[in-house]
Amino acid sequence: TLFVGSYGGPTRRAFSALGAEANIAARLMQKAGPGEILVSATMVRALEGAFRVEEGLSLHLKGTEEKIDAFLVTGARRGRSVRLLEPAFGLPMSGRTAERQAIREGIDAVQAGSLRVVAIEGEAGLGKSRLLAEVVKEARGRGFACLGGACQADSALNSYLPWRSVFGALLSIDPDQSLHDRLEALSASLDALVEGSGSSLGLLGPLLGIEIPLEGESAKLGAEGRKTALHRLLGACLGAAAGDAPLLVALEDFHWADYLSVELLGYLAGILESRPLLFLVAMRPGGGSVGSFLPGRSQRIALPELPRDDCEALASAKWKQLFPSGVPLSRALLDAVLVRSQGNPFFIEELLNYIHDRKGDPGLSPGAEGAALDLPQSVQSLILSRIDRLADREKMTLKVASVVGRLFRASWLPGYYPELGDIAEVKKHLFVLEGLDITPLDSPEPELSYLFKHVMTHEVAYETLPYETRSELHERLAGYLEVTYAAEPPLDTLAFHYGRSANEAKRRRYLRLAAEAAAAGWANASAIDYYTRLLGEALDPRERSGVLVDRGEVFDTIGNIDAALADFREATGMAEAAGDPGLLAKASQLVGAMLGLKSEFEEALVWLGTSERAYEALGDPGPRARALNDLALILARKGDFARAGESLTLALALAREAGDKVAASSALNYLGSVAHAQGDYEAARAHFLESLELKREMGEVNRIANSLNNLGILVMDQGNYDEARLFLEESLALRRKMGDKSGIAFCLSNLGTMRHHLGLLAEAAGLFSESKALLRELGDRDSLAMCLANIGAVEGERGRQDEARDALSESLGILAEVKGPQAAVWLLACIGKYASRRGCHEESLRLAAAAMALAASIGLALEPLAKAAIESTREAARAALEPADFDREEGLGAALDEAAAFAVAYSVLEGQAIRP
């Protein structure tokens, strides 16, 4: 506690701080050695863990009766600063005792070594930010390191915005450094946290908003693989940071978070559950998609209106802050404020600010006039009244700042709106607004920034601008930022501001650039939003067709086949109207590919044939090769292997002519699959190996893993289990490195099948179980059904009939839902295949016959590949049986009627058809 003020005569005065603490500081300075900083215990508490200090010094200082403890400051705590969109709070916390205790229990659990996620929910003005700040303060006092970030209203179009400051602080990013220096410092910080991760630096670009080239393995990953690898890297960084001390990560206004930020929260909370880590999330009720990502160790704390007693305490504290001379707060005025505010803390503070603005002279008697004071009816009208009472210059500065956003840099205001005056003039206006508690200081020079104290203040200030004025200001701001940051254009910000301007050309340009950047950075939801907004512009048919194709490809990436198909169909019409044969060929190819995914084969072949002929007419061999690959895939699924092989042979020749390694490797891969399906194992192996060689040249890890998987399955079917294991395990290692959960699940399942063939049933069950857990997490129900059928077969052979029945029942239930009546047929054929492989050939024949009979009884036309699989099972069983058994099998097949077929199906579910 110090006395701070000026002293001296009328013409010569000085400003100083006087008191015991200042004296102690002076004495400690004298005691400190060269380059040392000594501080008192009071200062250590004030630093709130922002610096590292060493204890152990006890000094007797001049002017003090007893020795005092002194601490040596050894450096700043890197990456341990909270960065929120809230200023420091000058008033003590009022109320929220129960909520604070509930969060305190979460802090206790974290200190005991386990993760917690606490979501603070409340409407605007109820004190979410105030409670969050109090929790951060308490956590720091208990030894927590603290990181934080906040969303803004446009965060949904700005991927990872709330995490940018979290990891920026953790990795010691200095925005004032040159890009070269930032990257060097970033690489060093990353290696210090996670040893050997320097080569993954490029993955951080989309999160930090910095252009960082991808290198090494990262450059070989596809978009989804890069996202997964980034999330794994961030998890490793936070896990390492939490190893030093309990860690708190505060995320404010999370109801505005983009999808990737929400997904990242769920991922981190899932993989770091054994770390002392507290995620503290403040958001309005609902929180969009946040709830679906919160893990089991989470709690929601809903903030109700503040009780009357707490409201009175808050009002009294605020009144004393506004009237330090001791003017009493009358009961009549207090009651009027509490009735009008209805338990909203922000409303209480703003009402008292409003009264202070109007009754600023403490000599007036608020007690006498307060009861008759005409208080605003709502928070919005209250804020508007305060703005209206500002001087013209301050009012204009506030409105110009509102266009920038809730947080704004002082230098931007005169930069894009010179009418405000120079930077010195703007600082004067901002100093006044800060004094009125409207836009408190957020960060000092050199990056002088201010903050609208509350989001509602920002919204009201912005809404006071006429629409045309807003549009003009957004355009002027975007133009200023476009020039100022030409080296590293902030595409999301430019798209946002030009998007609210009348400049159609710039609006379209930056919407497209932002969409392309979002798609490249796997921010699919943002990309779709940008493309959708771009489609709302007046585009010519050619432009519209291109945008529809681009948006459709993003829909395809996220698995929304119907939306992708609709976009591609519309794109063909637009391309036709534009007279663009190349675009028409591409859109037609995409329509055919989507129809193939929906098993609408005949129509798919028509579209793909049209596309292939169009590319032929254009003399474009690369795209034609890709269209032929898609065409062949449909033909193979129809069982027309001859035509599929012809298409793939032509596709391979065209791809080689065009130097298109991707199309060539795909053609070779499909040729291998066709040869495999026809039992030509030697040709299949040759094609797969050549495809793998091309993929290794390109360095595309995902494609390499696919080829290794295909080779593993091929040699396993040949009975070469040792080689199969090598291929599959290499594929699995690549999948794990990428963090590709879907690929990991398939590799595990195939390794489980191999163990099953070898009779290693316990190992097979373990691998299938691990695959099942991943498929459940991914929501891949088709693959989950197949995995469950595998588990049922293995558990039946192990004599664990209850487990077998449960797995097969769930498998059939899923298949009945996603495939309809074909489910029982597929399941019978699947179990018949396993019976054949373990030598139970008679059982295999019976089950295969039952599958075919059941299909016939319900009028089910099996897909050619499914039918071929059943027939191959029967042929393998026949070859192993004595000739006398053929008649018995044929007789059984002929005798099965509809009732018998269904009886067999149900006996499978009871575990009767699976015997060791």
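The shown structure was predicted, so the numbers you read here are calculated from the model rather than taken from an experiment.

Student: Any chance you could explain the packing of helix α26 (residues 601–618) against helix α27 (residues 621–637) here in plain terms?
Tutor: Two numbers describe a pair of packed helices, the interaxial angle and the distance between the axes. As a packed pair, α26 and α27 sit with axes 9 Å apart at the nearest point and diverge in direction by 160°. Taken together, the axes of α26 and α27 lie roughly antiparallel to each other. As α26 packs across α27, the resulting crossing turns out to be left-handed. For the pair formed by α26 and α27, the contact residues are F601, A604, L605, L608, G609, S611, E612, Y615 and E616 on the first element and P623, R624, A627, L628, D630, L631, I634, L635 and R637 on the second. The class makeup of the residues in the contact of α26 with α27 is eleven nonpolar, two polar and five charged.

Student: When you look at the pairing of strand β1 (residues 3–8) in this model, what are you seeing that I'm missing?
Tutor: For a regular strand, the rule is simple: side chains alternate between the two faces of the sheet. As defined by bridge partners, β1 adjoins strand β2 (residues 13–18) across six bridges and the pair is classed as antiparallel. Bridge pairing in β2 links Y7 to A14. Remark: four residues form the turn of the hairpin made by β1 and β2, two consecutive strands paired antiparallel.

Student: How should unusual backbone geometry be read in this particular structure?
Tutor: Excluding glycine, residues mostly carry a negative phi; peptide bonds, for their part, are mostly trans. Although it is not a glycine, D253 adopts a positive phi angle of roughly 55°. Among the structural elements, D253 can be located in the loop between β8 (247–252) and α9 (259–271).

Student: I keep staring at empty space enclosed by the protein and nothing clicks. Help me out?
Tutor: Any empty space left between atoms is shown by rolling a water-sized probe over those atoms. Scanning the model with the defined rule gives three cavities of 30 Å³ or more in all. The volume enclosed by the largest cavity comes to roughly 60 Å³. Residue lining of the largest cavity: F346, E350, I383, R386, I387, D437, I438, K453 and T457, and that is the complete set. Secondary-structure elements contributing two or more residues to the lining of the largest cavity are α12 (345–358) and α14 (379–388).

Student: Help me out: how do you make sense of the sheet that holds strand β9 (residues 277–283) in this one?
Tutor: What holds strands together in a sheet is hydrogen bonding between their backbones, with the strands either parallel or antiparallel. The strand order across the open sheet built from five strands is β7-β8-β9-β6-β10, with neighbouring strands paired in parallel fashion. Of all the strands in the sheet, the pair left with one neighbour each is β7 (145–150) and β10 (298–302). With strand direction ignored, the average angle separating the axes of adjacent strands in the sheet is 15°. Sheet topology places β8 next to β9; five bridges connect them, and they run parallel. When the sheet's bridge partners are listed, L248 is paired in β9 with L278.

Student: In this structure, what is going on with the nonpolar core? I would like to understand it.
Tutor: Nonpolar side chains tend toward joint burial in soluble globular proteins. Grouped together as the largest cluster of nonpolar side chains are 164 residues, with contacts concentrated most on W163, L204, L238, V249, F279 and L413. The element that contributes the greatest number of residues to this core is helix α8 (residues 223–244), accounting for eight residues. Setting aside anything within four residues of it in sequence, one finds L204 in contact with L171, L186, L190, I212, L230, L233 and L234. Counting 39 residues, the second largest nonpolar core, distinct from the first, contains I704, M716, C747 and L767.

Student: I would appreciate a short explanation of α9 in the present structure.
Tutor: For α9, with 13 residues, the first-to-last C-alpha span of 19 Å sits near the 18 Å given by 1.5 Å per residue. Within α9 the residues assigned to the buried category are L260, S261, V262, E263, L264, L265, G266, Y267, L268 and A269. Its side-chain oxygen placed 3.2 Å from the backbone nitrogen of L260, D258 serves as the N-cap of α9.

Student: Quick question: what am I supposed to make of the packing of helix α25 (residues 581–597) against α26 here?
Tutor: Viewed as axis vectors pointing N to C, α25 and α26 meet at an angle of 155°, and their least axial separation amounts to 8 Å. When the axis of α25 is compared with that of α26, the two are roughly antiparallel. Our pair here, α25 against α26, has a crossing hand that is left-handed. Facing P581, G582, A585, K586, S588, Q589, V591, G592, A593, L595 and G596 of α25, the residues of α26 in contact are F601, E603, A604, W607, L608, S611, A614, Y615 and L618.

Student: Teacher, can you tell me more about the pattern of salt bridges here?
Tutor: Two side chains that carry opposite charge are able to pair once their charged atoms sit near each other. Going through the model one piece at a time under the given rule, you end up with 45 salt bridges. One salt bridge connects E543 with R508, and the closest N-O pair in it is separated by 2.8 Å. Of this pair, E543 sits in helix α23 (residues 541–557) while R508 sits in helix α21 (residues 504–520), placing them 35 residues apart in sequence. Take E543: its relative accessible area is 32%, and that puts it in the partly exposed class. A salt bridge links D580 to R542, with the nearest nitrogen and oxygen atoms 3.2 Å apart. Here D580 is found in the loop between α24 (561–578) and α25, whereas its partner R542 is found in helix α23, with 38 residues between them in sequence. Under the relative-accessibility criterion, R542 is labelled partly exposed at 42%. What emerges from the salt-bridge pattern is a single network uniting R104, D108, E138 and R142.

Student: Looking at this structure, I do not really get the sheet that holds strand β12 (residues 441–443). What am I missing?
Tutor: If you walk across this open sheet you meet the three strands as β11-β13-β12, and the pairing is antiparallel. Two strands lie at the open edges of the sheet, namely β11 (407–409) and β12, each paired on one side alone. The sheet shows a mean angle of 35° between the axes of neighbouring strands, direction not considered. Of the pairings in the sheet, the one linking β12 to strand β13 (residues 449–451) comprises two bridges and is antiparallel in character. Note that in β13 the partner of S443 across the bridge is S449.

Student: Help me understand the pairing of β8, please; the structure alone is not making it clear to me.
Tutor: Where burial is concerned, most of β8 is hidden: six out of the six residues are buried. Alternating residues of β8 divide into L247, V249 and L251 and L248, A250 and E252, and every residue in both groups is buried. Pairing between β7 and β8: six bridges, direction parallel. Among the inter-strand pairings, L147 is bridged to a residue of β8, identified as V249. One crossover worth recording links β8 to the parallel β9 by way of α9, and it is right-handed.

Student: What's the story with the environment of S501 in this structure? I'm lost.
Tutor: Considering the arrangement of structural elements, one finds S501 in the loop between α20 (491–499) and α21. Separated by 28 residues in sequence, S501 and L473 have C-alpha atoms that sit 7.9 Å apart. Those residues in contact with S501, other than ones at most four positions away along the chain, are S471, H474, E475 and R507.

Student: Before we go on, may I ask you to explain helix α32 (residues 721–738) in this structure?
Tutor: Within an α-helix, residues lying three or four positions from one another point in the same direction, as the helix has 3.6 residues per turn. With 18 residues, α32 ought to run about 26 Å at 1.5 Å a step, and its terminal C-alpha atoms sit 25 Å apart, in line with that. Every buried residue belonging to α32 is among A724, F727, L728, S731, L732, L734, R735 and M738, and all of these are buried. Within α32, the buried residues cover an arc of 160° as seen down the axis, which keeps them to one side. Facing away from the buried surface of α32 by more than 90 degrees, the exposed residues are D722, L726 and K737.

So, how was this worked out
Residues numbered from 1 in each chain as written. Predicted model: local features only at pLDDT ≥ 70, side-chain atom pairs only at ≥ 80, totals over all residues. Heavy atoms only, no water. Axes fitted to C-alpha atoms, helices over the stretch in contact; angles between N-to-C directions. Helix = DSSP H or I, 4+ residues; strand = E, 2+ residues; numbered from the N terminus. Parallel < 35°, antiparallel > 145°, perpendicular 65-115°, else oblique. Left-handed = near helix turned anticlockwise from the far one by under 90°. Contact = heavy atoms within 4.5 Å. Nonpolar A, V, L, I, M, F, W, Y, C, P; charged D, E, K, R; others polar. Pairing = 2+ DSSP bridges. 1 Å grid on protein atoms, 1.4 Å probe; cavity = no way out; pocket = protein on both sides within 12 Å on 5 of 7 lines; lining within 4 Å. Points joined across faces, edges and corners; volume = space filled by probe spheres on them. Core = buried A, V, L, I, M, F, W, Y, C linked by side-chain atoms within 4.5 Å. Buried < 20%, exposed > 50% of the residue type's maximum accessible area, 1.4 Å probe, protein only. Expected span 1.5 Å × (residues − 1). Polar contact = N/O pair within 3.5 Å; in protein donor to acceptor, adjacent residues only side chain to side chain. Salt bridge = Lys/Arg side-chain N within 4 Å of Asp/Glu carboxyl O. Right-handed = clockwise from strand over helix to strand, strands pointing away. Arc of directions from axis to C-beta.

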